Amino acid sequence: LNLEASIKGRDSVPCVNIQNSDAQYLLCASPSSFDVVDLDPCGSPAPYIYAAVRALRPGGLLCLACTDFKDLGGASADSSARTLARYGVWISAGKSAAFASEVAIRAVIGCIQRAAWSMGREIRVVLAVSLDFFLRLIVQVCEQSLGIDPPVSIQTTPALLAPTVPLLVWRPKDSNTSEAGLFHELPLGVDT
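Residues numbered from 1 in each chain as written. Predicted model: local features only at pLDDT ≥ 70, side-chain atom pairs only at ≥ 80, totals over all residues. Heavy atoms only, no water.

Undergrad: Just checking my understanding: could you explain the state of the cysteines for this structure?
TA: What the rule picks out here adds up to zero disulfides. The thiol of C66 is unpaired, and the distance to the nearest cysteine sulfur, on C111, comes to 9.1 Å. Here C66 falls in the buried class, since its relative accessible area comes to 1%. (Disulfide = S-S within 2.5 Å. Buried < 20%, exposed > 50% of the residue type's maximum accessible area, 1.4 Å probe, protein only.)

Structure (structure tokens):
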């Protein structure tokens with residue numbers, strides 16, 4: 001595929017600069033230069049996260065694809081050690097199997113947030129999807145709005161233990177109701 005020939009034939013592309021160089025070098029040499037950085041390496045994007053956050057303009061989008069789900073899910077002690085080295089998070093081997101997708105997404109988001117905090121920025125998660133062995137995240141990188149020091153540690157609650165809001169309630173038939181079954185009912189404290 002010849003990118004230069006493809007771009008020359010399009011009048012709608014105002015400014016495109018094609019470079020063939022090391023991604024780390026290009027991102028580090030271009031602070032606050034990009035509106036969107038899309039990292040899609042074969043495996044972990046962790047080695048590129050700090051450079052990508054640095055290369056984004058305020059309000060820019062960082063798009064990530066992660067295919068190292070086996071490590072992020074804490075499949076073994078070795079994978080837990082690799083996740084600690086790459087993302088700065090220890091995931092206990094075998095303990096997170098029931099909610100591995102959420103643990104993996106939170107580990108990657110935490111790594112991106114720590115990179116942003118180190119540069120006086122913060123992130124807003126736009127999209128986080130887990131499909132089989134693949135994670136896709138899109139975050140917006142912004143300047144810190146509140147000037148609050150980042151927390152020293154973040155503790156999260158697994159999805160299976162987090163509070164939920166029921167959308168349907170089972171009501172058995174009794175003297176006050178004429179029917180039994182599932183009914184839509186807003187919980188107390190929720191405005192309509």
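Still more to cover.
Undergrad: Where do I start with the nonpolar core in this structure?
TA: In summary, soluble globular proteins display a tendency toward joint burial of nonpolar side chains. One finds V53, L62, L64, L72, V108, I112 and L135 to be the most contacted residues of the largest nonpolar core, which totals 34 residues. Elements that contribute at least two residues to this core include exactly β1 (34–39), α3 (46–55), β2 (56–66), α4 (69–72), α6 (100–117) and β4 (134–143). Considering each element in turn, this core owes the most residues, 11 residues, to α6. Excluding residues within four positions of it along the chain, I112 makes contact with I49, V53, L62, L64, I123 and V139. (Core = buried A, V, L, I, M, F, W, Y, C linked by side-chain atoms within 4.5 Å. Helix = DSSP H or I, 4+ residues; strand = E, 2+ residues; numbered from the N terminus. Contact = heavy atoms within 4.5 Å.)

Undergrad: Would you explain unusual backbone geometry in this entry?
TA: Comment: phi is negative for the bulk of residues other than glycine, and the bulk of peptide bonds are trans. The phi angle at S32 is positive, at roughly 50 degrees, despite the residue not being glycine. Note on placement: S32 falls in the loop between α2 (23–28) and β1. Judged by relative accessible area, S32 falls into the partly exposed class, the value being 35%.

Undergrad: Even after reading the chapter, I still don't get the side chain of R121, so can you show me in this structure?
TA: Topologically, R121 is positioned in strand β3 (residues 121–131). Look at R121 and you get buried, because its relative accessible area is 5%. A distance of 3.1 Å separates a polar atom in the side chain of R121 from a polar atom in the side chain of S32. In terms of polar contacts, R121 uses its side chain to reach the backbone carbonyl oxygen of V53, at 2.8 Å. Among residues more than four places away in sequence, those in contact with R121 are S32, V53, R54, L56, R57, P58, Q113, A116, V141, C142, E143 and Q144. (Polar contact = N/O pair within 3.5 Å; in protein donor to acceptor, adjacent residues only side chain to side chain.)

Undergrad: What should I look at first to understand the pairing of β3 in this one?
TA: Consecutive side chains along a regular strand alternate between the two faces of the sheet. Here β3 runs beside β4; their pairing, made up of 10 bridges, is antiparallel. Note that in β4 the partner of V125 across the bridge is V139. Remark: two residues form the turn of the hairpin made by β3 and β4, two consecutive strands paired antiparallel; D132 in that turn has positive phi of roughly 50 degrees. (Pairing = 2+ DSSP bridges.)

Undergrad: Would you mind showing me how to read helix α5 (residues 77–87) here?
TA: Note on helix geometry: an α-helix contains 3.6 residues per turn, so any two residues three or four positions apart are oriented the same way. Turning to α5, its buried residues number three or more, namely S79, S80, T83 and Y87. Taken around the axis of α5, the buried residues stretch over an arc of 105 degrees, which confines them to a single face. Of the exposed residues in α5, the ones pointing more than 90 degrees away from its buried face are A77, D78 and A85. On its buried side, α5 packs onto α3, β2, α4 and α6. The positive-phi residue at the C-terminal boundary of α5 is G88, with phi of around 75 degrees. (Arc of directions from axis to C-beta.)

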